[in-house]
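# Notes for the structure review
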Amino acid sequence: MALHTHDPSEADDDLVSIRPQFAQFGLVGTVPKLRLPDKGMPPSIAYQVVHDELLLDGAVRLNLATFVTTWMEPEAELLFAECSAKNMIDKDEYPQTAELERRCVNMIAHLWHAPEDGEATGCSTTGSSEACMLAGLALLHRWRARTAHRGGDRPPPNRVLGANAQVCWEKFCRYFDVEARLVPVSAEAPYLTAETALAHCDASTIGVVAILGSTYDGSYEPVKEIAAALDQLQASEGLDIPVHVDAASGGFIAPFLDAELEWDFRLERVQSINASGHKFGLVYPGVGWAVWRDAAALPDELVFKVDYLGGEMPTFTLNFSRPGAQVVGQYFNFLRLGIQGYRDVQAASRKTATWLSGAIGEAGPFTLLSRGDNIPAFAFRLTDPGGFTVYDLSDELRTRGWIVPAYTMPPAIEDIAVLRVVVRNGFSPDMAALFLSDLKTGVERLTRRGGGLSDEERTGFHH
């Protein structure tokens with residue numbers, strides 16, 4: 001939820017949005033911005049007012065900043081419309097929606113190689129951020145149980161993660177009084193490594209977060225190496241530190257394109273995994289998934305029992321009411337695509353990403369930080385600025401409708417400013433070629449102009 005401050009100075013400002021053709025009694029109408037109108041209006045007029053203003057958001061298909069799905073098939077959209085009024089939390093009222101959620105959890109657990117006899121458990125969430133919070137709480141409670149014998153001598157808990165981690169992990173640590181041990185990264189390895197993770201672990205570490213698909217450059221962190229290092233730590237010092245894999249993006253990429261990569265429940269050290277169904281799970285926002293390798297990984301005290309068809313159903317959530325449409329959309333995709341379909345879709349995205357990154361690397365004054373050969377996203381910087389910056393180029397691309405984020409890399413390498421492109425389902429090779437042409441044109445225009453916009457004129461991107 002975004003926080004907004006009421007500004008009384010704007011209270012009387014009117015938003016002139018009603019076209020003369022739609023205004024009642026032949027008058028041009030106005031709509032107040034920050035207070036309820038005194039009277040209502042026909043639905044067609046309300047629609048036009050809102051529709052016209054939202055045109056300023058730009059075209060979602062041209063948004064190369066977001067990982068979130070921007071296209072689904074018409075049949076999926078029909079299911080969304082049919083299920084948008086169903087409240088996911090009401091398991092008893094909507095039992096079949098709950099059943100589809102259960103099926104999705106089982107499908108995902110199998111996809112991530114959960115032990116066949118381990119009673120893997122999981123749930124849908126509003127997105128990966130909620131899933132991360134739930135996984136973090138499970139690790140925190142397990143750590144408390146492990147260290148309860150230490151009583152008042154127990155130091156505060158901490159969590160180890162790379163400085164490139166998504167901000168939701170810092171939120172978890174702040175909200176639940178856990179020290180966030182942000183491990184510095186480097187230009188050579190802009191992500192958490194086994195060596196750097198191990199150096200920050202101690203008896204108060206509730207867990208290590210490994211990221212399968214960094215939002216900064218799209219790279220996979222070496223989950224297997226991190227887990228092996230923690231195995232050695234337990235053997236030498238008796239510290240049993242679990243791993244959570246934040247697979248927000250990679251959880252629906254690696255199983256289909258990198259089947260031999262061991263990052264999931266095949267590693268005994270991995271206790272929980274999250275992924276975003278609304279990213280490369282190919283569902284509209286917002287749906288995420290959290291799965292624990294077995295019942296022991298999710299403490300009983302965190303699970304609530306709710307009435308369900310005359311019995312009880314366990315539930316673990318921070319959110320309450322939310323529509324069932326996204327879960328239904330996920331189930332639709334699983335049926336519609338299957339393993340081969342997901343493999344084809346993700347392979348097409350990765351092929352486009354690697355082609356585009358290679359073409360950008362050859363086309364201008366750019367140096368690639370990644371190639372899009374993990375998750376189909378890549379980052380690049382200016383090798384020779386030539387009087388302008390990545391922020392100038394980002395603004396230049398907006399004149400053609402492209403939304404491309406410009407930002408600095410994590411602490412310790414924040415002197416590196418980059419652009420990042422996310423290739424999603426529906427971003428075709430033809431669109432990639434158009435983008436490449438506009439990128440080249442933007443560089444030429446900025447070079448001729450000898451610079452870009454002032455700091456005050458630039459748009460911003462908050463990572």
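Our structure's up above, just so we're on the same page.
Below you will find a few notes about this structure.

Parameters and conventions
- Residues numbered from 1 in each chain as written.
- Predicted model: local features only at pLDDT ≥ 70, side-chain atom pairs only at ≥ 80, totals over all residues.
- Heavy atoms only, no water.
- Phe/Tyr/Trp six-rings, centres within 6.5 Å; stacked < 30°, edge-to-face > 60°.
- Helix = DSSP H or I, 4+ residues; strand = E, 2+ residues; numbered from the N terminus.
- Buried < 20%, exposed > 50% of the residue type's maximum accessible area, 1.4 Å probe, protein only.
- 1 Å grid on protein atoms, 1.4 Å probe; cavity = no way out; pocket = protein on both sides within 12 Å on 5 of 7 lines; lining within 4 Å.
- Points joined across faces, edges and corners; volume = space filled by probe spheres on them.
- Nonpolar A, V, L, I, M, F, W, Y, C, P; charged D, E, K, R; others polar.
- Salt bridge = Lys/Arg side-chain N within 4 Å of Asp/Glu carboxyl O.
- Polar contact = N/O pair within 3.5 Å; in protein donor to acceptor, adjacent residues only side chain to side chain.
- Contact = heavy atoms within 4.5 Å.
- Pairing = 2+ DSSP bridges.
- Axes fitted to C-alpha atoms, helices over the stretch in contact; angles between N-to-C directions.
- Parallel < 35°, antiparallel > 145°, perpendicular 65-115°, else oblique.
- Left-handed = near helix turned anticlockwise from the far one by under 90°.
- Core = buried A, V, L, I, M, F, W, Y, C linked by side-chain atoms within 4.5 Å.

Turning our eyes to something else, we now look at the packing of aromatic side chains. Taken as a whole and judged by the stated rule, the model has 15 aromatic pairs. The interplanar angle of 25° and the centroid separation of 6.4 Å between the aromatic rings of Phe 252 and Tyr 342 together place this pair among those described as stacked. Of this pair, Phe 252 sits in the loop between β7 (243–246) and α8 (254–257) while Tyr 342 is found in helix α9 (residues 325–363), placing the two residues 90 residues apart along the sequence. Across the pair, exposure class does not vary: Phe 252 and Tyr 342 are buried alike.

With that out of the way, let us pick up unusual backbone geometry. Residue Gly 286 is bonded to the preceding Pro 285 through a cis peptide linkage, with omega at 0°. Note that Gly 286 resides in the loop between β8 (270–276) and β9 (288–292). The residue His 113 is not glycine, and still its phi comes out positive at about 60°. The phi torsion at Ala 412 lies on the positive side, around 90°, for a residue other than glycine. Here Ala 412 falls in the exposed class, since its relative accessible area comes to 54%.

Looking now at empty space enclosed by the protein. Applying the stated criterion to the full structure yields two cavities of 30 Å³ or more. By volume, the largest cavity is sized at about 60 Å³. Taken together, Phe 67, Thr 69, Thr 70, Trp 71, Lys 279, Phe 280, Leu 282, Arg 424 and Asn 425 make up the full set of residues lining the largest cavity. Here the residues of the lining of the largest cavity sort into four nonpolar, three polar and two charged.

Next up on the list: the pattern of salt bridges. Counted according to the given criterion, the structure contains 15 salt bridges. Here Glu 101 ties to Lys 91 by a salt bridge, and the two come within 2.7 Å at their closest N and O atoms. Within this pair, whereas Glu 101 is found in helix α3 (residues 95–111), its partner Lys 91 is found in the loop between α2 (74–83) and α3, the two being separated by ten residues in sequence. When the shortest N-O distance is used, the salt bridge between Asp 264 and Arg 266 registers 2.9 Å. Its relative accessible area of 1% is what places Asp 264 among the buried residues. Residue Arg 266 is classed as partly exposed on the basis of its relative accessible area of 31%. Salt bridges here are not isolated pairs; linked through shared partners, they connect Glu 99, Arg 102 and Arg 103.

Looking now at the side chain of Gln 271. Within the secondary structure layout, Gln 271 lies in strand β8. A polar atom in the side chain of Gln 271 sits 3.0 Å from the backbone oxygen of Glu 268. Among residues more than four places away in sequence, those in contact with Gln 271 are Arg 142, Pro 242, Val 243, Phe 265, Val 291, Trp 292, Arg 293 and Ala 297.

Here we take up the environment of Gln 271. In this structure Gln 271 comes out as buried when scored by relative accessible area, which is 12%. Along the chain, Gln 271 and Arg 293 lie 22 residues apart, while their C-alpha atoms are 5.4 Å from each other. In terms of polar contacts, Gln 271 uses its side chain to reach the side chain of Arg 142, at 3.0 Å.

Time to look at the sheet that holds strand β14 (residues 406–408). Overall, antiparallel pairing links the four strands, which are arranged β12-β13-β15-β14 in an open sheet. On the outer flanks of this sheet lie β12 (366–368) and β14, each paired with one strand and no other. Between one strand axis and the next, the sheet turns through 40° on average, direction left out of account. Inspection of the sheet shows β12 paired to strand β13 (residues 377–382) by three bridges, in the antiparallel sense.

With that out of the way, let us pick up the pairing of β13. Counting buried residues in β13 gives five out of six residues, a clear majority hidden from the surface. Relative to strand β15 (residues 417–422), β13 runs antiparallel, the two being bridged by four bridges. Bridge pairing in β15 links Phe 380 to Leu 419.

Right, let's get into the sheet that holds strand β4 (residues 158–162). Within the open sheet, the seven strands sit side by side as β3-β9-β8-β7-β6-β4-β5. Their pairing is mixed. Looking along the sheet, the strands with just one partner apiece sit at the ends: β3 (121–125) and β5 (179–183). Neighbour-to-neighbour, the strand axes of the sheet open up by a mean angle of 20°, direction not taken into account. As paired elements, β8 and β9 share five bridges and run antiparallel to each other.

Attention shifts here to the packing of α2 against α9. Between α2 and α9, the least distance of the axes is 8 Å, while the angle of their chain directions is 150°. One element, α2, and the other, α9, form an angle in the roughly antiparallel class. As for how α2 packs across α9, the hand of that crossing is right-handed. Residues Glu 75, Ala 76, Leu 79, Phe 80 and Cys 83 of α2 lie in contact with α9, whose contacting residues are Ala 325, Gln 326, Val 328, Gly 329 and Phe 332. Classifying every residue of the contact of α2 with α9 gives seven nonpolar, two polar and one charged.

Looking now at the nonpolar core. Counting residues in each nonpolar core, the largest one holds 63 residues, and the members touching the most others are Trp 112, Val 208, Val 245, Phe 252 and Trp 263. Here this core takes eight residues from α9, the largest share from any one element. Setting aside chain neighbours within four positions, we find Trp 263 in contact with Trp 112, Leu 212, Val 223, Val 245, Ala 247, Gly 251, Ala 254, Pro 255, Val 270 and Ile 273. With 27 residues, the next largest nonpolar core counts Ile 360, Phe 378, Val 421 and Leu 446 among its residues.

On to the packing of helix α10 (residues 390–398) against helix α11 (residues 429–449), then. Taken N-terminus to C-terminus, the directions of α10 and α11 make an angle of 120°; their axes are 9 Å apart at the nearest point. By the criterion of interaxial angle, the relationship of α10 to α11 is oblique. For the crossing formed where α10 meets α11, the hand is right-handed. For the pair α10 and α11, contact is made by Asp 392, Leu 393, Glu 396 and Leu 397 and by Phe 435, Asp 438, Leu 439, Gly 442, Val 443, Arg 445, Leu 446 and Arg 449, respectively. Split into classes, the residues belonging to the contact of α10 with α11 amount to six nonpolar, one polar and five charged.

In short, the description is geometric, and any link to function would need to be established separately.
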